[in-house]
Structures are given as C-alpha cells and as structure tokens.
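Residue strings, one per chain:
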Amino acid sequence: MKNLNLMIKPASATCNLACKYCFYLDQARHREKFTYGLMKDDTLERLVKDVFTDDYDSINFLFQGGEPSLAGFDFFNNFHNLVEGYNKNHTRLSFAIQTNGTLLDENWLSLFKKYNYLVGLSIDGLEEIHDNLRLDRENKPTFDKALEAVDLLKKNSIDFNILTVVTKSMVHRASEVYDFYKKLGISYMQFIPVIDPIDGKYEGISLEGYDYGVFLDELFNNWYEDIKKGKFTSIRFFENLLLILMGRMPEACEMVGRCSVNITIEADGIIYPCDFYARDDFALGRVGDKRISEIIFSKNAYNFVKKSFDLNLKCKTCPYLILCRGGCFRYRDDDGLNKLCQSFKYFYERNLDRLIDLKEILLSKVK
C-alpha cells in the first residue's frame, strides 16, 4: 500500500437538497440507520491518527455526502489541525470535496485555497433540467446558487470540475450542455449515468436501451471537433478511453474492469468498500476497532473485490471488452451484464475509429 484514498462522509446522508435521483439516499434507505448525523471529534481524530500510523507515499482525502459542507467550517479546520499534528513523516497529501455548492462562501473558499482543494461541483447542465431534479428541502430550485458557486470558485482561482448526472431528459441535449459549460469557462467536465435505485428504476429519470450511448455520441462529436481545432476541454470518460487505447491504466475505477477497496467512511466511523455499497451487509469494520490497513486486506474486502471479476459470457466475447471491461459493478445486473451494454456498444460502434485517431495524434505529440 503506497497510496491511500479515503472518501469521508462527515455529514452522512444529511443534505440540504432533495435530488430526485440521489444514489446515496437510496443506499441509506436500505440501512438500519438512515443517517449517522455529523462526525464527532473523537471519531475524526481516531481516523486521522490511524492513517498516519502507517507509512504511505501519499494520502488523498475526499469529502462527500450527503452534503459534506453541512459538517461545518469548524469541522474542517479541526481536521486540518489534526492532519498537521499527526503527519510526522510529511506524507504527500491531497484534498478534494464534492459539493452542491449552495452553501459556499468566502470562508469556504479561503479554506479550499489554503489547502489546495480540488472541488467537484454538481450541476445538471441546463437550468430546466437541473431545477427539475435538484431541488432543496423546501422544493425550491438551486440552479442559480450553483452558478454563484462557479463564479466564486473562478474568482478565487480554485481548481474545480463539474459533475453532471445524465438522466432521461438530457439524452438529446448533450450539445447544449457542452456549449453551455464552455460559455461558463468550464475546462473540466465529468458526466456519469444516473444510478437506478436498488429496488427498480426512477420513473422518467432512469436511462434505458441506447439512451446513454446517444448522449455520449453527441457529446463526443462536439468534443472531437474541438480537439481537431486545437481547443481542448477535459472530459473524464473520453480521456480514460484514450488512456486504455494507449495501453495505460485508466484512473476512473469504473473503467478498470474490477472493483478495488475504495475506503468509504461514514460519520460514525463505519467503513465500507465503496460508497455505492454503503449498506449494513457490506460494512467492513469501524475506525478505531481495526486499522484501515488491515481492513483493506480483510476477508470481507477480498470477497467484495472477488465478485467484480465475474463477467457475463457476452462480455467475454464482446469486441469492445478492452474498452468497456464490464463497466462499474454497481451497473451490472444479476447475470453480470452491464445495464448500459447497449449504450456502450452504440457509442463504440460509431466512434472507435475516431478514438484511435485521437490516440495516434496524442502519441505523435509525445514522440
């Protein structure tokens, strides 16, 4: 273990928004306890002390939710004081936070700047789409507040990317979303397909059949033309495909082809192997009871990872397996087939040649 990635849920499933498709709320509903409130100081200190007991080359702390900023500004100040106190070996550190942005102010921005945070800001493209799906607890729209967060981050020169959930209403509007983000001056974009609830689908929101492939195809058309013109915008999914084609390991875990133990720590210190599986039956232990370094290599962690190696026979004989690799385990059905299989085939059939073209261009520049 040279590099450690930790996803911390300091406010558990608590959120000031009530997004209609939130996968973490769905996870929480299937637990004995829906939310664990705010992380207590003693839990936080046990966590920080634990991770600096072992010798890592680097540690990445990612705060997510719910809405992590609900833990409060004092919580984060305390966290950084603890880190500075326990990091005796001067381990290389990085910090990130995924937020809806509605609570950000100058105090938060000063903290992000001081500790060089990478901020992931959740926005669903266009105003009418966003405000239909991402409402606050009083059923009020949040799009304008999200755009205010964009302005704040840009004004304070904070590194950030936009995370957009692709839903049914966005399928044929990829060009509009991409152009809108470019007009906002967004250089880093991430698009992820909506995750169906554990017990079914979201009516009018979930993706079906070729939906995601149609969206990706239209988005790639725009991105490819910009690249050919020398205009580069970072789109994580496409960049990872190029990494694979160049024989390198993708950095996005859902594109590796198997799970790893992505340590997720709930507010009460319970540890899960992934935030897509933050449920009682997947719990690996609790901070303070066992060392995180031990939990990562525990039998339960091993069994979690092992399941992800099982692929449907259709996957094993698919010409696009080298790119798809079965996709994220959370998207697979009971037969081990990715629920987005039709979409990925649709996209690769139309764009593999152009992806290879871009790969050759990149390799020529490296040489």
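What counts and what doesn't
Residues numbered from 1 in each chain as written. Predicted model: local features only at pLDDT ≥ 70, side-chain atom pairs only at ≥ 80, totals over all residues. Heavy atoms only, no water. Buried < 20%, exposed > 50% of the residue type's maximum accessible area, 1.4 Å probe, protein only. Helix = DSSP H or I, 4+ residues; strand = E, 2+ residues; numbered from the N terminus. Arc of directions from axis to C-beta. Contact = heavy atoms within 4.5 Å. Polar contact = N/O pair within 3.5 Å; in protein donor to acceptor, adjacent residues only side chain to side chain. Core = buried A, V, L, I, M, F, W, Y, C linked by side-chain atoms within 4.5 Å.

A few points about helix H2 (residues 41-51)
Along H2, the positions that sit buried rather than exposed are Thr 43, Leu 44, Leu 47, Val 48, Asp 50 and Val 51. Buried residues of H2, seen end-on, are gathered within an arc of 160 degrees and therefore sit on one face of the element. Looking at the buried positions of H2, the neighbouring elements they touch are strand E1 (3-8), strand E2 (58-63), helix H3 (73-86), strand E8 (264-265) and helix H10 (292-296).

Thoughts on the environment of Asp 196
Along the chain, the position of Asp 196 falls in the loop between strand E6 (188-193) and helix H8 (211-228). Take Asp 196: its relative accessible area is 11%, and that puts it in the buried class. In sequence terms Asp 196 and Tyr 21 are 175 residues apart; their C-alpha atoms lie 7.8 Å from each other. Other than its neighbours up to four places away in sequence, Asp 196 contacts Lys 201, Tyr 202, Ser 206 and Arg 330. Of the polar contacts made by the side chain of Asp 196, one reaches the side chain of Lys 201; its length is 3.3 Å. In terms of polar contacts, Asp 196 uses its side chain to reach the side chain of Ser 206, at 2.6 Å.

Here we look at the nonpolar core
Counting residues in each nonpolar core, the largest one holds 118 residues, and the members touching the most others are Leu 6, Phe 61, Phe 112, Tyr 117 and Ile 292. With 8 residues, H8 is the largest single contributor of residues to this core. The residues contacting Leu 6, other than those within four sequence positions of it, are Leu 47, Val 51, Ile 59, Asn 60, Phe 61, Leu 62, Ile 263, Ile 265 and Ile 292.

Digging into helix H7 (residues 174-183)
One turn of the α-helix equals 3.6 residues, which is why residues spaced by three or four share an orientation. All buried positions along H7 are accounted for by Ala 174, Val 177, Tyr 178 and Tyr 181. End-on, the buried residues of H7 take up no more than an arc of 95 degrees, which puts them together on one face. Contacts made by the buried residues of H7 are with strand E5 (160-166), E6, H8 and strand E7 (234-235). A positive phi of about 80 degrees marks Gly 185, the residue just after H7.

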